[in-house]
Amino acid sequence: LSSATDDSLDGSSTRSAGRVKVRQYGKTCKELTGMFMTQELAAHSGSVWCINFSLDGRYLASAGEDRVIHVWEVSEGERKGELLGEGAVSKESGGGGSPFVAVAGNGSPEVAMLPLNSADKGFVEKKRRPRVQSSRKSVGSDHLVVPECVFGFRDKPFCSLLGHAADVLDLSWSKSQYLLSSSMDKTVRLWDITSSTCLKTFSHTDYVTCIQFNPVDDNFFISGSLDEKVRIWNVHDRKIEDWNDLHEMVTAACYSPDGQVAMVGSHKGSCHLFDTTEKKLLYKSQIDLRIRKKKSGQKKITGFQFAPGSSLEVLITSADSRIRVVNGDELVHKFKGNISFSSHCKLSTICLLIKMNLCFAQI
């Protein structure tokens, strides 16, 4: 999703396959040598701070600086060429359609590996001499793997939710398709997307930076705020079930898949584990992430992503452009990414986008 000007709020989109240049970092070969952007939505005016897929993958919610929450419906292409803005390749046409689609003997597209040669104009990068000489070659560097299903978004939002008085900072879906949003207006709002109405408002004393429904019992959710407190809320009774003062501004909070553990991160880079078995915040331990940056702005925890079905294995992103792998309270590994001086990215969004096959990868 891209930032857009005010005249682009009609939800218009572009569906075309554009090659995204990929460079390896610290490696002698490219593991992903072909990546293509298939759709761009002109969704918001100003910055987009958060995007989040519903748990069943049917919807994507987006929000940010313009205070509006758009909900987009995910559509699946019957033929691979549809969402690429190309006609499907047919035997009769001799392959004059989408460069991504191969045709089986019965005339229907199937998962295929297409050779990329000099005839594929606009999609083949000029080969550059590698900086580090190596005999290793990229795995499958001569072929393009097309996914079985191609997903995209409908051109117009399914619904637009209005009510926040300041930037929307985070979003969370329940199992029953209700949507939570947190904002710089110091509130969390519960939305019904079928009627586009706000059902309840949960007031805080400062900006609400992070929220998440309990993945097991969506009558509860966790919130973190710049008032340095993390809270567990009862949705039905609209009351605080429990809270804890971290004495540091809370910038990230997340439940484990079984709802038994909560992980909370701060702007100073500290990361804390809580036992939430009884819908209470019982402090367990602090994880040493070994963040060595001197400036507090570069230490900020920006997101968590637990491994599916695990309450121990988790990926943690931070403002120092690192992804850390943690098992329990032990730091296992650290990955260094591209340096970001202004914005941050939440890990869960990246993982979901990859799952939705919105990018094609040559492997």
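Residues numbered from 1 in each chain as written. Predicted model: local features only at pLDDT ≥ 70, side-chain atom pairs only at ≥ 80, totals over all residues. Heavy atoms only, no water.

1. Some thoughts on the UniProt feature "repeat: WD" (unreviewed entry) in the protein chain
For the record, the criterion: UniProt positions are given in the numbering used here, feature names are shortened, and annotations may be inferred rather than shown by experiment. Labels follow the DSSP assignment, with helices taken as runs of H or I lasting at least four residues and strands as runs of E lasting at least two, numbered in each case from the N terminus.
The feature "repeat: WD" (unreviewed entry), as annotated in UniProt, sits at residues 41–82, 161–201 and 201–235 in this numbering. Its end C-alpha atoms 10 Å apart, residues 201–235 is made of 0% helix and 60% strand.

2. Considerations on the pairing of strand β18 (residues 197–203)
What counts, and what does not: For two strands to count as paired, DSSP must find a minimum of two bridges between them.
Strand direction decides the pairing type here: strand β17 (residues 187–192) and β18, joined by 6 bridges, are antiparallel. What sits directly across from L190, in β18, is K200. Counted along the chain from β17 to the antiparallel partner β18, the turn is 4 residues long, and its residue S196 has a positive phi close to 55 degrees.

3. So, the pattern of salt bridges
What counts is decided by this rule: The salt bridge definition used is simple: a Lys or Arg side-chain nitrogen within 4 Å of an Asp or Glu carboxyl oxygen. Using a 1.4 Å probe on the protein chains alone, a residue whose accessible area is under 20% of its type maximum counts as buried, one over 50% counts as exposed, and one in between counts as partly exposed.
Under the definition given, this model contains 4 salt bridges. A salt bridge links D227 to R231, with the nearest nitrogen and oxygen atoms 2.7 Å apart. Between R324 and D320 there is a salt bridge whose closest N-O contact spans 2.9 Å. R324 sits in the buried class, given a relative accessible area of 2%.

4. A look at the sheet that holds strand β26 (residues 282–287)
Paired through backbone hydrogen bonds, the strands of a sheet run either parallel or antiparallel to each other. Selection criterion: To get an axis, a line is fitted to the C-alpha atoms, and for a helix only the part in contact is used. The angle between two axes follows their N-to-C directions and goes from 0 to 180 degrees.
Read from one edge of the open sheet, 4 strands run β23-β24-β25-β26, paired in antiparallel fashion. Unpaired on one side and paired on the other, β23 (250–255) and β26 mark the two borders of the sheet. Each strand axis lies, on average, 25 degrees off the axis of its neighbour in the sheet, ignoring direction. The sheet contact formed by β23 and strand β24 (residues 261–266) spans 5 bridges and is antiparallel. Its bridge partner being in β24, V250 is matched across the sheet by S266.

5. Things to note about the environment of I211
Counted only if it meets this: We call two residues in contact when some of their heavy atoms are within 4.5 Å.
Among the secondary structure elements, I211 is positioned in strand β19 (residues 208–213). Sequence-wise, I211 and A253 are 42 residues apart; in three dimensions their C-alpha atoms are separated by 6.7 Å. For I211, the contacting residues outside a window of four places in its chain are D170, L171, S172, L180, S181, S182, V188, F221, I222 and S223.

6. Examining the sheet that holds strand β28 (residues 313–318)
Judged by pairing direction, the sheet is antiparallel, and its 4 strands sit side by side in the order β27-β28-β29-β30 without closing on themselves. Two strands close off the open sheet at either side, each with one partner strand: β27 (301–306) and β30 (330–336). Within this sheet the neighbouring strands show an average axis-to-axis angle of 20 degrees, counted without direction. In terms of strand pairing, β27 meets β28 through 5 bridges, oriented antiparallel. Residue pairing across strands places Q305 opposite L315, the latter belonging to β28.

7. With respect to the packing of aromatic side chains
Filter applied, for reference: Pairing of aromatic rings covers Phe, Tyr and Trp, the last counted by its six-membered ring, and requires centre-to-centre distances within 6.5 Å; plane angles under 30 degrees mean stacked, over 60 mean edge-to-face, and any other angle means tilted.
According to the stated counting rule, one finds 8 aromatic pairs in the structure shown. Residues F202 and W233 carry aromatic rings whose centres are separated by 5.5 Å and whose planes lie at 70 degrees to one another, so their mutual orientation is edge-to-face. With F202 in strand β18 and W233 in strand β21 (residues 229–234), this residue pair connects regions lying 31 residues apart in the sequence. We classify W233 as buried; its relative accessible area is 5%. Between F274 and Y283, the ring centres sit 5.3 Å apart and the planes meet at 85 degrees, which makes this aromatic pair edge-to-face. Aromatic rings pair up to connect F202, F213, F221 and W233 into one cluster.

8. Some details on the nonpolar core
Formally: By nonpolar core is meant a set of buried Ala, Val, Leu, Ile, Met, Phe, Trp, Tyr and Cys residues that side-chain atoms within 4.5 Å join together.
Grouped together as the largest cluster of nonpolar side chains are 16 residues, with contacts concentrated most on M263, L289, F304 and I316. Every element with two or more residues in this core is listed here: β23, β24, β25 (271–275), β27 and β28. In contact with L289, other than residues within four places in its own chain, are G269, C271, I301, I316, R324, V326 and L331. Counting residues in each nonpolar core, the second largest holds 14 residues, with Y59, V71, V168 and W173 among its members.

9. Considering the environment of F202
The buried category is assigned to F202, whose relative accessible area is 1%. Spatially, the C-alpha atom of F202 lies 8.4 Å from that of L190, the residues being 12 residues apart in sequence. The contacts of F202, once residues within four sequence positions are left out, are K186, T187, V188, L190, F221, W233, N234, V235 and R238.

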